[in-house]
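Spelled out, the chains give:
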Amino acid sequence: DAGVIQSPRHEVTEMGQEVTLRCKPISGHNSLFWYRQTMMRGLELLIYFNNNVPIDDSGMPEDRFSAKMPNASFSTLKIQPSEPRDSAVYFCASSLPGSGTGLLQYNSPLHFGNGTRLTVT
Amino acid sequence: DQQVKQNSPSLSVQEGRISILNCDYTNSMFDYFLWYKKYPAEGPTFLISISSIKDKNEDGRFTVFLNKSAKHLSLHIVPSQPGDSAVYFCAASGDGQNFVFGPGTRLSVLP
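Residues numbered from 1 in each chain as written. Chains lettered and ligands numbered in written order. Predicted model: local features only at pLDDT ≥ 70, side-chain atom pairs only at ≥ 80, totals over all residues. Heavy atoms only, no water.

Undergrad: How would you explain the overall build of chain A if you had to name every residue and give the values?
TA: Helix and strand content of chain A: 0 helices and 11 strands. Counting from the amino terminus, chain A carries its helices and strands in the arrangement β-β-β-β-β-β-β-β-β-β-β. A compact globule built from 121 residues would reach a C-alpha radius of gyration of about 14 Å, and chain A, at 15 Å, matches this within 12%. C-alpha extents for chain A along the principal axes are approximately 50 × 25 × 25 Å. Looking at chain A as a whole, 47% of its 121 residues are labelled buried. A fraction of 56% describes how many contacts in chain A between residues 6 or more apart in sequence connect residues 24 or more apart. Counting only carbon and sulfur atoms, one obtains 51% of the accessible surface of chain A, whose full area is about 6,200 Å². Side chains of chain A carry 10 positive and 11 negative charges; the gap between the two charge centres is 4 Å. (Helix = DSSP H or I, 4+ residues; strand = E, 2+ residues; numbered from the N terminus. Rg over C-alpha atoms; globule rule 2.2 N^0.38 Å. Buried < 20%, exposed > 50% of the residue type's maximum accessible area, 1.4 Å probe, protein only. Contact = heavy atoms within 4.5 Å. Areas by Shrake-Rupley, 256 points an atom, 1.4 Å probe, with all protein chains shown as cover. Lys, Arg positive; Asp, Glu negative; His and termini not counted. Charge placed at Lys NZ, Arg CZ, Asp CG, Glu CD.)

If you want it as structure tokens, here you go:
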């Protein structure tokens, strides 16, 4: 199993440029998450998808951020235009669906990629 | 307001001894908890989980304890090894999908 694959590993860009981060989830996982890690705010959830449908994007900071999941094996996070305060490590994670309730409830942990370190100058 | 707190930014432990990492949460709707380990330049790696129907879960050297009344959980690593040196994150969820992460505790295991 290749795990969650993110690209690029590092991205350096100038303020105002468009940035696209990519993610390939683990095959068979139907939930995909985008997180951002900064020193000030730690790991914060930006958006997540179930079966390619965005479920909760309340963590997306501004309209400059957008995410898509055109199919089960690919997702993008786009920042346009980028700003220096967007500099952070962006993680993608995927998980299997949970199931059952009560004593039979099964919850699936998140499996993270190695992240994309974004620097906006 | 932080819903998941890890009040110790760092912890140092001698090799072979027990490491205890603590986590507190404020949202009583949280019912599923995870611990992750993170090395530099890598993504967080899942370690162990616990649901609110249990108060203990064990996996090898790792044990997680949950005290629902105190809204507190802890991760015990015994015996600690130098390879356990990493940042440990606690995460909590009320729906099994929307996870809130704590700020992390940096564990150093000294040889």
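Undergrad: Lay out the sheet that holds strand 6 (residues 56–59) of chain B in plain terms, naming residues and giving numbers.
TA: All names here are of chain B. Strands sit in the order 1-3-8-7-6 across an open sheet of 5 strands; the sheet is antiparallel. A single partner strand is all that each edge strand has here, and the edge strands are strand 1 (4–5) and strand 6. With 4 bridges joining them, strand 6 and strand 7 (residues 62–67) adopt antiparallel strand pairing. When the sheet's bridge partners are listed, lysine 56 is paired in strand 7 with phenylalanine 65. (Pairing = 2+ DSSP bridges.)

Undergrad: Lay out the environment of B:Lys38 with the relevant residues and their values.
TA: Along the chain, B:Lys38 turns up in strand 4 (residues 32–38). Note on B:Lys38: relative accessible area 13%, which makes it buried. Between the alpha carbons of B:Lys38 and B:Val87 there is a distance of 5.1 Å; along the sequence they are 49 residues apart. Residues within four places of B:Lys38 in sequence aside, it is in contact with A:Gln37, A:Phe91, B:Gly43, B:Pro44, B:Ala86, B:Val87 and B:Phe89. For B:Lys38, the side chain forms a polar contact with the main-chain oxygen of B:Glu42, separated by 3.0 Å. (Polar contact = N/O pair within 3.5 Å; in protein donor to acceptor, adjacent residues only side chain to side chain.)

Undergrad: Please provide a residue-by-residue account of the pattern of salt bridges, values included.
TA: Residues and elements named next belong to chain A. Per the stated rule, a full pass over the model turns up 9 salt bridges over all chains. In this structure, the salt-bridge partner of glutamate 62 is arginine 64, at a minimum N-O distance of 2.8 Å. Arginine 64 sits in the buried class, given a relative accessible area of 10%. Here glutamate 62 and arginine 85 are joined by a salt bridge, their closest N and O atoms 2.8 Å apart. You can see glutamate 62 sitting in the loop between strand 6 (53–56) and strand 7 (65–71) and its partner arginine 85 sitting in the loop between strand 8 (74–79) and strand 9 (88–95), a full 23 residues away along the chain. Take glutamate 62: its relative accessible area is 26%, and that puts it in the partly exposed class. Its relative accessible area of 54% is what places arginine 85 among the exposed residues. A cluster of three or more residues bridged by salt bridges with shared partners is formed by Glu62, Arg64, Glu83, Arg85 and Asp86. (Salt bridge = Lys/Arg side-chain N within 4 Å of Asp/Glu carboxyl O.)

Undergrad: Can you lay out the nonpolar core for me, pointing to particular residues and giving the numbers?
TA: In this structure, B:Phe33, B:Trp35, B:Leu73, B:Leu75 and B:Tyr88 are the most contacted members of the largest nonpolar core, which totals 23 residues. If you list the elements that add at least two residues to this core, you get strand 3 (19–25), strand 4, strand 5 (45–51), strand 7, strand 8 (72–77), strand 9 (86–93) and strand 11 (105–110) of chain B. Sorting elements by how many residues they give to this core places strand 9 of chain B first, with 4 residues. Core analysis: the next-biggest nonpolar cluster, separate from the first, contains 21 residues, A:Cys23, A:Ile26, A:Leu46 and A:Val120 among them. (Core = buried A, V, L, I, M, F, W, Y, C linked by side-chain atoms within 4.5 Å.)

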